[in-house]
Amino acid sequence: MQVGASLSIKQCRNFGLDHQKVLTSAIKDLGITRFRLMSYWNEIEKSPGTYDYSYLDAQFKIITKHQGTVTLCLGARQPRWPESHWPDWTKTMTKQARNQALYSFIVQTVERYKQESCLVSWQLENEALLKNFGEAGDFDRKRLRHEFALVKELDSSRPVIMTTSTSWGIPLRRPIPDIVGFSFYRITFDKGAYRKSIYQPWIFKLRACLIRVLWRKASFIHELQAEPWGPKNIWEMPESEQDKSMSTEILSSNVISARRTNLHPIDLWGLEWWYWRKQQGDTSKWRTIKKIIK
């Protein structure tokens, strides 16, 4: 079972963590070598035409040094709140002008990193058509098709991953990605109560089978819940509240359920939280992940 993890500089900041230390510890201590990284537009191009890729360059350098692999997210909608990461300067632009600015940013990013030996795939947008989660969403299939064609034109050697809207559904309309990523969340907080997902491993198997029959495309779990989802931000909740949706037992159970889908690799969601809990004196989550991987 190949296990990877996502790393977000924004989530590291939320926890007051050094993103390079988190990444290095994940590689050296946990043994994770597969990572999903984010190219946040509002972090990199804070003013039009001025680019600062320093945080992403540092992450690539560390992963390359340790012979790891990277999937790099592209586009305006990328993992972590508020989901859509538009620079402030785009918010007064016409939709056409804003789209053109986004295309230019994608070109700049792909051209910068496509020569990196550790880069194995691109992820285009994140749950691009999910309308009921996040802020400042812009759900435009025509734009998405253009983005997909653009990335394939710039780099035809690597697969483009796209992710489904929630824990259900299969792609039926263009663009059809090279690989489909499923999110897998089991306990979330909604409308004042914790709720357990009804989606069982066999549903993911069925979805993957349909995608394979329809499009001859592979599927995998790009985001397995391995951090809490509670009534507040994680760093605002006591440990007892965090553990209601992600205790060590739930964490292990989630991985077991994910393995039953027979979909690989499995990318975990919560690296920053495990590290933060370890820094707070609770090493149980970190040790659980280490045991899972080793």
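Everything that follows concerns the structure shown earlier in this document.
Residues numbered from 1 in each chain as written. Predicted model: local features only at pLDDT ≥ 70, side-chain atom pairs only at ≥ 80, totals over all residues. Heavy atoms only, no water.

1. What about the overall build of the chain?
Then step 1. Helices and strands together make up the secondary structure of the chain, namely 11 helices and 10 strands.
Then step 2. Taking 294 residues into account, the globule formula puts the C-alpha radius of gyration at 19 Å, and the chain, at 18 Å, falls close to it.
Then step 3. Along the first, second and third principal axes, the C-alpha atoms of the chain reach 50 × 40 × 40 Å.
Then step 4. Evaluated residue by residue, the chain yields a buried proportion of 55% over its 294 residues.
Then step 5. For the chain, restricting intrachain contacts to residue pairs at least 6 apart in sequence, the fraction spanning at least 24 positions comes to 76%. (Helix = DSSP H or I, 4+ residues; strand = E, 2+ residues; numbered from the N terminus. Rg over C-alpha atoms; globule rule 2.2 N^0.38 Å. Buried < 20%, exposed > 50% of the residue type's maximum accessible area, 1.4 Å probe, protein only. Contact = heavy atoms within 4.5 Å.)

2. Examining unusual backbone geometry
What is expected of a backbone is that most residues other than glycine have negative phi and most peptide bonds are trans.
Then step 1. In this structure, P175 follows R174 across a cis peptide bond, with omega equal to 5°.
Then step 2. Here P175 lies in the loop between β5 (160–163) and β6 (179–184).
Then step 3. The omega torsion across H264 and P265 is 0°, close enough to zero to call that bond cis.
Then step 4. For P265, the location among the structural elements is in the loop between α9 (248–259) and β10 (266–269).
Then step 5. With phi around 75°, E83 is a residue other than glycine that occupies positive phi space.
Then step 6. In this structure, E83 sits in the loop between β3 (69–74) and α5 (95–113).

3. Notes on a nonpolar patch on the surface
Then step 1. On the surface, L172, W202, L206, L210, L214 and W215 cluster together into a nonpolar patch covering about 620 Å² of accessible area.
Then step 2. As for its placement among the helices and strands, L210 is situated in helix α7 (residues 201–215). (Patch = residues over 30% accessible without salt bridge, like charges linked within 9 Å, V, L, I, M, F, W, Y side chains within 5 Å. Areas by Shrake-Rupley, 256 points an atom, 1.4 Å probe, with all protein chains shown as cover. Salt bridge = Lys/Arg side-chain N within 4 Å of Asp/Glu carboxyl O.)

4. Looking at the environment of Q2
Then step 1. Among the secondary structure elements, Q2 is positioned in the segment before β1 (3–7).
Then step 2. Judged by relative accessible area, Q2 falls into the partly exposed class, the value being 43%.
Then step 3. Separated by 11 residues in sequence, Q2 and R13 have C-alpha atoms that sit 28 Å apart.
Then step 4. When residues no more than four places from it in sequence are discounted, the contact partners of Q2 are R34, P265 and I266.

5. Some points on the nonpolar core
Then step 1. Judged by nonpolar contacts, the single largest core of 80 residues is most densely connected at L72, L271 and W274.
Then step 2. It is α5 that contributes the most residues to this core, seven residues altogether.
Then step 3. Discounting residues that sit within four places of it in the chain, L271 has contacts with A5, S6, L7, V22, A26, L30, F35 and W286. (Core = buried A, V, L, I, M, F, W, Y, C linked by side-chain atoms within 4.5 Å.)

6. Considering the sheet that holds β3
Then step 1. If you walk around this closed barrel you meet the eight strands as β1-β2-β3-β4-β5-β6-β9-β10, and the pairing is parallel. Pairs of neighbouring strands in the sheet enclose a mean axial angle of 30°, with direction left out of account. (Pairing = 2+ DSSP bridges. Axes fitted to C-alpha atoms, helices over the stretch in contact; angles between N-to-C directions.)

7. Some details on the packing of aromatic side chains
Then step 1. All chains considered together, the criterion is met by 16 aromatic pairs.
Then step 2. Ring geometry for F133 and W229: centres 5.7 Å apart, planes at 50°, overall tilted. One end of the pair, F133, is in the loop between β4 (119–124) and α6 (141–154); the other, W229, is in the loop between β9 (218–225) and α8 (239–246), and 96 residues separate them in sequence.
Then step 3. On the basis of an interplanar angle of 25° and a centroid distance of 4.4 Å, the ring pair of F184 and F204 is categorised as stacked. (Phe/Tyr/Trp six-rings, centres within 6.5 Å; stacked < 30°, edge-to-face > 60°.)

8. Focus: the packing of helix α2 (residues 19–30) against helix α10 (residues 271–279)
Then step 1. Interaxial distance between α2 and α10 falls to 10 Å at its minimum, and their mutual angle equals 85°. Taken together, the axes of α2 and α10 are roughly perpendicular relative to one another. Contacts between α2 and α10 involve K21, V22, S25, A26 and L30 on the former and, on the latter, L271, W274, Y275 and K278.
Then step 2. Split by residue class, the contact of α2 with α10 holds six nonpolar, one polar and two charged. (Parallel < 35°, antiparallel > 145°, perpendicular 65-115°, else oblique. Nonpolar A, V, L, I, M, F, W, Y, C, P; charged D, E, K, R; others polar.)

9. Some points on α7
Then step 1. End to end, α7 covers 21 Å across 15 residues, agreeing with the expected 21 Å (1.5 Å per residue, within 8%).
Then step 2. Those residues of α7 not exposed but buried are P201, I203, F204, R207, A208 and I211. The buried residues of α7 occupy an angular sector of 160° when the element is viewed end-on, so they sit on one face. Summarising the geometry of α7, the exposed residues directed more than 90 degrees from the buried face are W202 and V213.
Then step 3. Looking at the buried positions of α7, the neighbouring elements they touch are β6, β9 and α9.
Then step 4. Phi for R216, located one or two positions after α7, is positive at around 55°. (Expected span 1.5 Å × (residues − 1). Arc of directions from axis to C-beta.)

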